[in-house]
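Overview (structure and organization)
In case you want the letters, here they are:
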Amino acid sequence: MICIRTERFPNLCYRKTGNGPAFVLVHGFPENGDLWRKVVPALSESFTVIVPDLPGAGESTFTGDLSIEDMADSLNLILENEGIDKAVVAGHSMGGYTAFAFAERFKDKLAGLSLVHSTASADDEEKKETRRKSIALIEKGGKDAFIRQMTPNLFSKKFKEEYPEVIEQQVKRGLQLPAESIIAFYKAMINRPERVSILSSANYPVQWIVGKEDTIAPPEKIAEQSKLSDRTFVSVYPDVSHMSMLEDEKKLIEDLKKFTSYCFGN
Ligand code: MLT
């Protein structure tokens, strides 16, 4: 693990493996960079793979409030620390919201944008209200109940039936996240703006990984957004919900590899 220390990010840590063009994998919520453990070894055969722990997750810390834009800035700091001026950035869900903010702020550094079960939309009012209720529950000490209730919803029906032990492992991973981080991430997601216009102005290829059963980044919504950019790649995964890196990692590896090779002209 490599860690950078700045005033804004007291400890900003990331993993780096492999050689070749830079590929950044940004985790979602309630996760850390270890989420990508099943796909990193294969991708490291072709790329320099950078896997951050976003501020507040894993080994990375934060002070004050946290915004999606702060998280995008943290990605830029990591690229600067590595002397990388062009990368493909793949973001899972909240990591995708971060990748959109990165695209808005550092467009010239993007060789490609991969949205893994993510969306350019903001939260609607109903979603914001649900998040506020969860924050209130966690503030009253209900973190465990919250993680236990939300985690199974990230997986397809079939996967839940076949691999209950993976769901339990995910619950344990979610429980490692401090309550303050969960609250900070939820507030950051509530406050994020819609970033659909990023897509129509994208001068880099855009990839969408879509789970047919995903209710957080539903296929119908992604179908609309995927029409907005010029060079678009869409892969729809049957029997997958929100977690292809665990539900169908082989297909995800293949799709990420193909897309990133295309972005770097190989
Ligand atoms: C995630 O996987 O990052 C979250 O489910 C995203 C969200 O709650 O919008």
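Look a little higher up for the structure.
Residue numbers restart at each chain and count upward from 1, following the sequence in its written direction. Reporting in this predicted model follows two pLDDT cut-offs: at least 70 for local features of residues, and 80 or more for side-chain atom pairs to be given and counted; totals over whole chains, interfaces and linings ignore these cut-offs and use all residues. Excluding hydrogens and water, the side-chain figures rest on all heavy atoms present in the structure.

1. As for the overall build of the protein chain
- The helix count covers DSSP runs of H or I at least four residues long, the strand count covers runs of E at least two residues long, and both are numbered beginning at the N terminus. Tallying secondary structure elements over the protein chain gives twelve helices and eight strands in all.
- Computation of the radius of gyration draws on C-alpha atoms, with the globule rule given as 2.2 Å multiplied by the number of residues to the power 0.38. Over its C-alpha atoms the protein chain spans a radius of gyration of 17 Å, differing by no more than 12% from the 18 Å that the globule rule assigns to 266 residues.
- Across its three principal directions, the C-alpha atoms of the protein chain cover 50 × 45 × 35 Å.
- A simple rule labels every residue: compare its accessible area, found with a 1.4 Å probe on the protein chains alone, to the largest value its type can have, and call it buried under 20%, exposed over 50%, or partly exposed in between. Out of the 266 residues in the protein chain, the part that is buried amounts to 58%.
- Roughly 11,300 Å² of accessible area belongs to the protein chain as shown, and the carbon and sulfur atoms make up 49% of that amount.
- Positive charges come from Lys and Arg, negative ones from Asp and Glu, while His and the chain ends are left out of the count. Think of each charge as sitting on NZ of Lys, CZ of Arg, CG of Asp or CD of Glu. When the 34 basic and 39 acidic side-chain charges of the protein chain are each reduced to a single mean position, those positions are 1 Å apart. Only the protein chains shown count as cover for residues, with accessible areas throughout obtained via the Shrake-Rupley method and a probe of 1.4 Å.

2. Details of the site of the ligand
- If a single non-hydrogen atom of a residue is within 4 Å of a molecule or strand, that residue counts as near it. If you check the shell around the ligand, you find G28, F29, H92, S93, M94, Y97, R131, M189, I216 and H242 and nothing else.
- The backbone of M94 places a nitrogen or oxygen atom 2.9 Å from an oxygen atom of the ligand.
- Calculation on the ligand without its partners gives an accessible area of 270 Å², and the protein chains cover 98% of this total.
- Classification convention: Asp, Glu, Lys, Arg as charged; Ala, Val, Leu, Ile, Met, Phe, Trp, Tyr, Cys, Pro as nonpolar; all other residues, Gly among them, as polar. For the shell around the ligand, the per-class residue count stands at five nonpolar, four polar and one charged. Polar contacts here mean pairs of N or O atoms no more than 3.5 Å apart (in protein, one a potential hydrogen donor and the other a potential acceptor; neighbouring residues in sequence count only if both atoms are side-chain atoms).

3. Description of the state of the cysteines
- Here, two cysteine sulfur atoms that lie within 2.5 Å of each other are counted as a disulfide. What the rule picks out here adds up to one disulfide.
- The disulfide partner of C3 is C13, and the gap between their sulfur atoms is 2.1 Å. Judged by the torsion about the S-S bond (110 degrees), the C3/C13 disulfide is right-handed. Here the residue C3 occupies a position in strand β1 (residues 2-4), and C13 occupies one in strand β2 (residues 12-17), the gap between them amounting to ten residues.

4. A few points about the pairing of strand β6 (residues 110-116)
- Buried residues dominate β6, accounting for seven of its seven residues.
- Whether a crossover is right-handed comes down to one check: with the strands pointing away from the viewer, does the path from the first strand over the helix to the second run clockwise; if it does, it is right-handed. Regarding topology, helix α3 (residues 94-105) serves as the crossover connection from strand β5 (residues 87-92) to the parallel β6, and that connection is right-handed.
- When β6 meets strand β7 (residues 206-211), the two strands line up parallel, connected through four bridges. Each bridged residue has a counterpart across the sheet, and for V116 the counterpart in β7 is I209. By this definition, two strands are paired if DSSP reports at least two bridges between them.

5. Brief notes about the sheet that holds β7
- Read from one edge to the other, the open sheet built from eight strands follows the order β1-β2-β4-β3-β5-β6-β7-β8, with strand pairing classed as mixed. With one partner strand each, in any of the chains shown, β1 and β8 (232-237) form the two edges of the open sheet. Within this sheet the neighbouring strands show an average axis-to-axis angle of 20 degrees, counted without direction.
- Bridge count for β5 against β6 is six bridges, and the pairing is parallel. Opposite H92, over in β6, you have V116 as the bridge partner. A fitted line through C-alpha atoms represents every axis, and for helices the fit uses only the stretch in contact; the resulting angles, taken between N-to-C directions, go from 0 to 180 degrees.

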